[in-house]
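# Residue-level structure breakdown
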Amino acid sequence: AVLATVWALAGAGKPVQPLVQQHGELLRGDDASWARAGAALVAAGSHAAAAAWLGDWRDRSSVEAWMLRPLALAYRMLDQDDRAAEVCRAAVKLGGPDDVLSDFRAWLALDLALANQTDEAQAQVSKIDTLSLTDGTRLVLSFAEAVLMVRRAGPGGRSAAFREAKAHLKTAAGSCAASDVPAGAARAYRRVVSCISGTAGSLSAKLWAVWQRLAPWVK
């Protein structure tokens, strides 16, 4: 009943934090209700409160991957991408249905690709069922794929790989409505642009990077 009320408030755009705090002991007593309360806080826009509420996830023995999705989102909304990446790694290790893990895998693949851990990144990409992805997750996956295209190309193939990566990013960005762009994606896109242009190393790549700083495809 408490959770139903909390979600009704969130759906109406009203604050939910006071009610969650009021019934905190009850909601924390069960991992599923704890996770759903955290998700409601995120839905209501209380991202700092959600991050604090869900911050004890490491101490919970029965945590499942789906329970960590709101925490990863809250961290990205708070510009704490390193913490979001840590949550994604933990969720993938926990395992679960493909539709639950796809978003975690896409973000983790991007993080690994940017760190030049290309084999590990490709392993995550290969496990994603692309047919069931949301547009937002598909956009993040395209970031990882673009980085892998350029990172894995040999010196003689980087120019062609860079052109392919650019086209891939442009298509993905054009296919994702502004309302569907995930939290943190604009920051991630800037890192992707810097990575692939720097790896390509050509003048045209550097000019494209400058252009993307001024008029990015993903905002």
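Residues numbered from 1 in each chain as written. Predicted model: local features only at pLDDT ≥ 70, side-chain atom pairs only at ≥ 80, totals over all residues. Heavy atoms only, no water.

## Some thoughts on helix α4 (residues 31-43)
In this model, α4 (13 residues) spans 18 Å end to end at C-alpha, consistent with the 18 Å of a helix rising 1.5 Å per residue. Burial analysis of α4 places ten of its 13 residues in the buried class, which makes it a mostly covered element. Of all the residues in α4, the buried ones are D31, A32, S33, W34, A35, A37, G38, A40, L41 and V42. Summarising the contacts, the buried residues of α4 are in contact with α1 (2-11), α2 (17-22), α3 (24-28), α5 (47-53) and α6 (69-77). The residue sitting at the N-terminus of α4 and contributing the capping side-chain oxygen is D30; that oxygen lies 3.1 Å from the backbone nitrogen of A32. At the exit of α4 stands G45, carrying a positive phi of roughly 85 degrees. (Helix = DSSP H or I, 4+ residues; strand = E, 2+ residues; numbered from the N terminus. Expected span 1.5 Å × (residues − 1). Buried < 20%, exposed > 50% of the residue type's maximum accessible area, 1.4 Å probe, protein only. Contact = heavy atoms within 4.5 Å. Polar contact = N/O pair within 3.5 Å; in protein donor to acceptor, adjacent residues only side chain to side chain.)

## Comments concerning a nonpolar patch on the surface
Taken together, the side chains of L73, M77 and L78 present a nonpolar region at the surface, about 220 Å² in accessible area. Note on placement: L78 falls in the loop between α6 and α7 (81-94). Accessibility expressed as a relative area gives 31% for L78, which makes it partly exposed. (Patch = residues over 30% accessible without salt bridge, like charges linked within 9 Å, V, L, I, M, F, W, Y side chains within 5 Å. Areas by Shrake-Rupley, 256 points an atom, 1.4 Å probe, with all protein chains shown as cover. Salt bridge = Lys/Arg side-chain N within 4 Å of Asp/Glu carboxyl O.)

## Concerning the pattern of salt bridges
A side chain of one charge can pair with a side chain of the opposite charge if their charged atoms are brought near each other. In the structure shown here, the tally under the stated rule is eight salt bridges. Between R60 and D31 there is a salt bridge, and its shortest N-O distance comes to 2.5 Å. In this pair, R60 is assigned in the loop between α5 and α6 and D31 in helix α4, connecting sequence segments 29 residues apart. Taking relative accessible area as the criterion, R60 reaches 13% and is therefore assigned buried. Judged by relative accessible area, D31 falls into the buried class, the value being 16%. The network of salt bridges with shared partners includes R28, D31, D56 and R60.

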